[in-house]
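Residue strings, one per chain:
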Amino acid sequence: IASLVASDKAKTPAEVVREGIEHLWEAMQACIERGIAAEGILPGGLNVRRRAHRLAERLRAKEAEGLVGDPLAPLDWLTVYAIAVNEENAAGGRVVTAPTNGAAGVVPSVARYYSRFIPGADGEGMQRFFLTSAAIGILYKENASISGAEVGCQGEVGVACSMAAGGLTAALGGSNGQIEHAAEIAMEHNLGMTCDPIG
């Protein structure tokens, strides 16, 4: 993974890479915010109601009541972030494919979790998160697939989970071995997952 990251930096000036990552992160954050703010029914004829807004309101109410000591609250927020992005995707909003639109909520939600809930989270950690996530995504794309149509949801959601797990481990200062283990364990829990879209 370190060699893939170094190779990318060798092809493109470091400042250009850094600015590109910041641009992607800004787009992901804006998507989360739009998804949390929006209410109503998603387009498509199935009358699916948006949930992220209401879930976020509940979490904010808990925080306002002083129930901040809940150790699972960060995971509740992580779920809200992922749902918000997925609802934006379903509504035709702007998302960052990571690695696909169908799995677009995984990487941004874990990145937001890192930036909001990890003490000492910083820009360098965020850069490591995205560079490592991208390197893992490239490995899957070049050696297997990121296409749900081709290999099932494991090729979309599984890859996104693998990217996010490896990226978070890198952001936390993990070794290459720890990054590889995190990426593998995340994929392992998605193996055999199939897609069955309605209609």
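Residues numbered from 1 in each chain as written. Predicted model: local features only at pLDDT ≥ 70, side-chain atom pairs only at ≥ 80, totals over all residues. Heavy atoms only, no water.

1. Some remarks on the packing of aromatic side chains
Within a pair of aromatic rings, the relevant descriptors are the distance that separates the centres and the angle that separates the planes. Applied cut-off: When the centres of two rings from Phe, Tyr and Trp lie within 6.5 Å, Trp using its six-membered ring, the rings pair. Their planes under 30 degrees apart give stacked, over 60 give edge-to-face, and anything left gives tilted. Under the DSSP-based scheme used, a helix requires at least four consecutive residues in state H or I and a strand at least two consecutive residues in state E, with every element numbered from the N terminus. Burial classes: relative accessible area under 20% of the type maximum marks a residue as buried, over 50% as exposed, and values in between as partly exposed (1.4 Å probe, protein chains only).
Across all of its chains, the model carries four aromatic pairs by this definition. The interplanar angle of 50 degrees and the centroid separation of 5.8 Å between the aromatic rings of W25 and F130 together place this pair among those described as tilted. Here W25, found in helix α2 (residues 14-37), pairs with F130, found in helix α6 (residues 123-143); they are 105 residues apart in sequence, far enough to count as distant. With respect to burial, W25 and F130 carry one shared label: buried. An aromatic cluster of at least three residues, connected via ring pairs, comprises W25, F129 and F130.

2. As for the pattern of salt bridges
Any two side chains of opposite charge can pair, on the condition that their charged atoms come close. Selection rule: In what follows, salt bridge is the name for a side-chain nitrogen of Lys or Arg lying within 4 Å of a carboxyl oxygen of Asp or Glu.
A complete count under the given rule lists five salt bridges for this structure. The partner of R34 in a salt bridge is E88, with the nearest N and O atoms 3.0 Å apart. Of the two residues, R34 is situated in helix α2 and E88 in helix α4 (residues 73-90); the sequence distance between them amounts to 54 residues. Residue R34 is classed as partly exposed on the basis of its relative accessible area, which comes to 32%. Notably, a salt bridge pairs E63 with R116, separated by 3.2 Å at the nearest N-O pair. Linking E63 in helix α3 (residues 52-64) with R116 in helix α5 (residues 106-117), this pair joins segments that are 53 residues apart in sequence.

3. Looking at the nonpolar core
For soluble globular proteins, nonpolar side chains are generally found buried alongside one another. Counted only if it meets this: Only buried residues count toward a nonpolar core. Its members are Ala, Val, Leu, Ile, Met, Phe, Trp, Tyr and Cys residues joined through side-chain atoms within 4.5 Å. It only takes one pair of heavy atoms within 4.5 Å for two residues to be counted as in contact.
Counting 31 residues, the largest nonpolar core has M28, V107, F129 and F130 as the members making the most contacts within it. The element best represented in this core is helix α8 (residues 157-171), accounting for seven residues. Ignoring sequence-local partners within four residues, the contact set of M28 consists of V96, A98, V107, P108 and F130. If you look at the next biggest cluster of nonpolar residues, it comprises 14 residues, including I36, W77, Y81 and I83.

4. Describing the layout of surface pockets
Stated formally: A cavity here means a set of 1 Å grid points, computed over protein atoms only, where a 1.4 Å probe fits but cannot escape. A pocket is an open set with protein on both sides within 12 Å along at least 5 of 7 lines, and lining residues have an atom within 4 Å of a point. Grid points are joined across faces, edges and corners, and a volume is the space filled by probe spheres set on the points. Throughout, the ten residues Ala, Val, Leu, Ile, Met, Phe, Trp, Tyr, Cys and Pro are labelled nonpolar, Asp, Glu, Lys and Arg are labelled charged, and all others, Gly among them, are labelled polar.
As a volume, the second largest pocket reaches approximately 230 Å³. In this structure, the second largest pocket is lined by A82, N86, N89, A90, G102, A103, A104, G105, V106 and V157. The element that contributes the greatest number of residues to the lining of the second largest pocket is α4, accounting for four residues. Looking at the lining of the second largest pocket, its residues break down into six nonpolar, four polar and no charged.

5. Section: the packing of α2 against α3
When two helices pack together, you describe them by how their axes are tilted relative to each other and by the distance separating the axes. The line we're drawing: Only the stretch in contact is used when fitting a helix axis, every axis being a line fitted to C-alpha atoms; angles between N-to-C directions are given from 0 to 180 degrees. If an angle is under 35 degrees, it is roughly parallel; if it is over 145, roughly antiparallel; if it lies from 65 to 115, roughly perpendicular; otherwise it is oblique.
Contact geometry for α2 and α3: axes closest at 6 Å, N-to-C directions at 90 degrees. When the axis of α2 is compared with that of α3, the two are roughly perpendicular. Here α2 contributes G35, I36 and A37 to the contact with α3, which in turn contributes A52, H53, A56 and R60.

6. Description of α3
One turn of an α-helix holds 3.6 residues; hence residues three or four places apart share an orientation. The criterion, for reference: Expected span of a helix, by definition, is 1.5 Å for each gap between consecutive residues, and there is one gap fewer than residues. What the arc describes is the spread of directions from the helix axis to the C-beta atoms.
When the terminal C-alpha atoms of α3 are compared, their 18 Å separation across 13 residues agrees well with the 18 Å that a helix rising 1.5 Å per residue should span. Among the residues making up α3, those that are buried are A52, H53, A56 and L59. All buried residues of α3 lie within an arc of 130 degrees about the axis, which places them on one face of the element. Buried-residue contacts for α3 involve α2 and α4. Two residues or fewer past α3, G66 is found with a positive phi of approximately 85 degrees.

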